[in-house]
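# Results of the structural survey
Each chain is listed here by its residues.
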Amino acid sequence: MRIGVLGTGNMADALATHWARAGHDVTIGGRDVHQAERLAKRIGGGAKPAGLRGAAESGQMVLAALPFGAGAAVARDLRAALEGKVLLDCSNPVGPGFRLLTAGGPSAAQHLAAAAPGAHVVKAFNLCHEDVWRMRPPVFDGRPLAVPVCGDDETALVRARELVRDMGCEPVAGGGLERAGLLEATAALFIALWVGEGADAQAIAPPLAYAAGPSPVNRKASRTL
């Protein structure tokens, strides 16, 4: 698959490295082509440097590895090059005090979709620090990391799930793009717990068997304790 990457930061590095190793044709695009060249060389696997427009034009899939605010502006400028393509959004609109910057309005992913209406926007890869995405693979206690994926176009979702699996992770159906804001709000909460409180965010959810309340077997077991 041809993948264009918009951005030369840590998320671009972490995600594109997996995809290049999986055999995808990766083009790294940056405003500073010299930075794109350095990142492409570090990634290896035949990754090529380009400007932002060159990366957008080269890919069937395009990763917007850009800060919230910058992403929509770049997508608007590249809207013709993004026409008909899958546009992956991994951004988190989180500001000082772990505040969700999109509260009460469209999500970051919806901002991208409005800026490039001909693209098929998919929200994914926003719930973890870039160093988690650098793991080969991200597996914890023998269980692959689950990656929620939100989008409205089924073909785009199929391709995004393929990229999730190429990282050794397991895709999870997150619903349509209207639910991307829930993913972004979850990231804001998790970051506040992890960074602000030093708390284990994973511990706030019960096991799946208890998600809708204890099953009859579990209720019986709890009464015997």
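Just above sits the structure.
Residues numbered from 1 in each chain as written. Predicted model: local features only at pLDDT ≥ 70, side-chain atom pairs only at ≥ 80, totals over all residues. Heavy atoms only, no water.

## Observations regarding the environment of F140
Structurally, F140 can be placed in strand β9 (residues 139-140). The residues touching F140, leaving out its near neighbours within four places in the chain, are V132, M135 and L145. (Helix = DSSP H or I, 4+ residues; strand = E, 2+ residues; numbered from the N terminus. Contact = heavy atoms within 4.5 Å.)

## Focus on the sheet that holds strand β3 (residues 48-50)
Read across the sheet, eight strands follow the order β3-β2-β1-β4-β5-β8-β11-β12 without closing on themselves; strand pairing throughout is mixed. Two strands lie at the open edges of the sheet, namely β3 and β12 (170-173), each paired on one side alone. Strand-to-strand, the axes of this sheet are offset by a mean angle of 30°, without reference to chain direction. With three bridges joining them, strand β2 (residues 25-29) and β3 adopt parallel strand pairing. From the neighbouring strand, I28 faces β3, where its bridge partner is P49. Where helix α2 (residues 33-43) meets the sheet, its contacts fall on β2 and β3, and the angle it forms with β3 comes to roughly 165°. Contacts from helix α5 (residues 108-115) reach β4 (61-64), β5 (86-89) and β8 (120-123) within the one sheet, and its direction differs from that of β8 by about 170°. (Pairing = 2+ DSSP bridges. Axes fitted to C-alpha atoms, helices over the stretch in contact; angles between N-to-C directions.)

## With respect to the side chain of E184
Structurally, E184 is set in helix α8 (residues 180-197). When near neighbours in sequence (up to four residues on either side) are disregarded, E184 contacts D89, S91, N92, P93, L100, T102, S107, A108, A109, K123 and N126.

## Section: the pairing of β4
The alternating pattern of β4 places M61 and L63 on one face and V62 and A64 on the opposite face, and all of these are buried. In this sheet, β4 lies alongside strand β1 (residues 2-6) in parallel orientation, the contact comprising four bridges. Paired with G4 across the bridge in β4 is V62. Once you follow β4 into helix α4 (residues 70-77) and on to β5, the crossover reads as right-handed. (Buried < 20%, exposed > 50% of the residue type's maximum accessible area, 1.4 Å probe, protein only. Right-handed = clockwise from strand over helix to strand, strands pointing away.)

## Overview of the pairing of β12
As paired elements, strand β11 (residues 146-151) and β12 share four bridges and run parallel to each other. For A146, the partnering residue across the bridge sits in β12 and is E170. A crossover links β11 with its parallel partner β12, the connecting element being helix α7 (residues 154-166), and its sense is right-handed.

## Quick word on the nonpolar core
Within the largest apolar cluster, 38 residues are counted, with the highest numbers of intra-cluster contacts made by L15, W19, V26, I28, L88, F125 and W133. Broken down by element, this core gets its largest block of residues, seven residues, from helix α1 (residues 10-21). Not counting residues up to four positions away in its chain, the partners in contact with W19 are I3, H24, V26, L63, L88, F125, L163, D166 and M167. With 22 residues, the next largest nonpolar core counts A72, A81, L87 and A119 among its residues. (Core = buried A, V, L, I, M, F, W, Y, C linked by side-chain atoms within 4.5 Å.)

## A look at the packing of aromatic side chains
This model, assessed by the stated rule, comprises three aromatic pairs. Ring centres of F125 and W133 lie 5.3 Å apart, and the angle between their planes is 80°; this geometry places the pair in the edge-to-face category. Joined through ring pairs, the aromatic side chains of W19, F125 and W133 make up one cluster. (Phe/Tyr/Trp six-rings, centres within 6.5 Å; stacked < 30°, edge-to-face > 60°.)

## A short note on the pattern of salt bridges
Inspection of the entire model under this criterion finds eight salt bridges. Linking K48 and D25 is a salt bridge whose minimum nitrogen-to-oxygen distance equals 2.4 Å. With K48 in strand β3 and D25 in strand β2, the pair connects residues that are 23 residues apart, well separated along the chain. Note on K48: relative accessible area 35%, which makes it partly exposed. The closest approach of N and O atoms between D131 and R134, which form a salt bridge, is 3.1 Å. Judged by relative accessible area, D131 falls into the partly exposed class, the value being 45%. (Salt bridge = Lys/Arg side-chain N within 4 Å of Asp/Glu carboxyl O.)

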